[in-house]
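Observations on chain architecture
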Amino acid sequence: MNEVEERRAELSSFLRTRRARLTPQDVGLAPGVRRRTPGLRREELALLAGVGVTWYTWLEQGRDIHPSPEVLASLARTLRLDRAETAYLFRLASSHPLDGEVTAAAEVPAALLRLMHAQWPSPAWVMDANWDVRAWNPGADALFGLSGRPPEECNLAWVVFGNAVHRHRVEHWEEHARRFLAQLRSAYAERGGEATAVGRRLGRMIQHVRGEHPEADRWLDEHQVAERSGAEKVVRHEELGELRIDQHVLLAAEGLQLIVMAPRDAETAERLRRLAPAAAAEPAASASPVQRWTA
């Protein structure tokens, strides 16, 4: 399957899942009887969006259809898509991906490393456009155990799914894992999918998670998408106790992101100081060697 066919297949799946989650009552229609299909029928959605039934059917079937921005906006309103979902729809339906040519930074700038280390006692790390973890402070290392890991494990997919210890610690882990997959899928489309090097790298990461974790395979089929953003988390550390954390995502140049796990209260701040106490007396460490996720 080439890049164009892959994009059409993704668009087809996305439209079907979003149509299935709407009920007739949601859009002011009578429920009717003998409905064998969950959600709205194609003809109902086409009518509400102001497009032809045959045309919409072809679009959902993945045929060579080129909808205008006005039609896509109408579909987004009818399907009640949020901002991330609307952006994802436009990316899938267009042959010109947004920000698709961004490449992973060759080096992490020294200023960004200084900012990362200045976050102590908050665990913090830097992630690149490939979602590889490129540098981390002592707090993040103590929490995730990144030092000494092979390159294929130094990425956010391993932190969320492959790190069994951290996975067990996170309260409501499934909710956070689902959000991670939704953000990963959105990033894949934003970076151009199979048309760009970064998109292909993220695509391999998605396939790797599918193959290694059955629950991720099921959740990815739901076709959720979300913008990269922060979240509130509770981590139950076996020695330090409950850590109540606000996770922030700060965007930097060249597709880099600084992720900071800031304490939500004074008690958590004190516990995080005990997570990596040596960090208070040590000068800021240099960047870790460049890490890459490979298939």
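Computed from a predicted model, the values in this text were never measured in an experiment.

Looking now at the pairing of strand S2 (residues 133-136). A regular strand places its side chains so that they alternate between the two faces of the sheet. In terms of strand pairing, strand S1 (residues 124-127) meets S2 through 3 bridges, oriented antiparallel. Of the residues in S2, the one forming a bridge with Val 126 is Ala 135. Between the antiparallel neighbours S1 and S2 lie 5 residues, among them Trp 131 with a positive phi of about 65°.

Turning next to the nonpolar core. Trp 125, Trp 131, Phe 144, Leu 156, Phe 161, Phe 180 and Leu 181 are the most contacted members of the largest nonpolar core, which has 42 residues in total. Ignoring sequence-local partners within four residues, the contact set of Trp 131 consists of Asn 155, Leu 156, Phe 180, Gln 183, Leu 184, Ala 187, Leu 202, Met 205 and Arg 228.

Looking now at the packing of aromatic side chains. As enumerated under the stated definition, the model contains 6 aromatic pairs in all. Seen in terms of ring centroids, Trp 125 and Phe 144 are 5.1 Å apart; in terms of plane orientation they differ by 85°. Their pairing is edge-to-face. On the criterion of sequence distance, the pair formed by Trp 125 in strand S1 and Phe 144 in helix H7 (residues 138-144) is long-range, its members being 19 residues apart. Exposure remark for Trp 125: the relative accessible area of 3% places this residue in the buried category. Accessibility expressed as a relative area gives 4% for Phe 144, which makes it buried. Through pairs of rings, three or more aromatic residues link up here, namely Trp 131, Phe 161, Trp 173, Phe 180 and Trp 219. Seen from the ring of Trp 173, Arg 167 lies directly overhead, with NZ or CZ sitting 3.9 Å from the centre. Taking the ring centre of Trp 131 as reference, the NZ or CZ of Arg 228 above it sits at 5.3 Å.

Conventions adopted
- Residues numbered from 1 in each chain as written.
- Predicted model: local features only at pLDDT ≥ 70, side-chain atom pairs only at ≥ 80, totals over all residues.
- Heavy atoms only, no water.
- Pairing = 2+ DSSP bridges.
- Helix = DSSP H or I, 4+ residues; strand = E, 2+ residues; numbered from the N terminus.
- Core = buried A, V, L, I, M, F, W, Y, C linked by side-chain atoms within 4.5 Å.
- Buried < 20%, exposed > 50% of the residue type's maximum accessible area, 1.4 Å probe, protein only.
- Contact = heavy atoms within 4.5 Å.
- Phe/Tyr/Trp six-rings, centres within 6.5 Å; stacked < 30°, edge-to-face > 60°.
- Lys NZ or Arg CZ within 6 Å of the ring centre and 35° of its normal.

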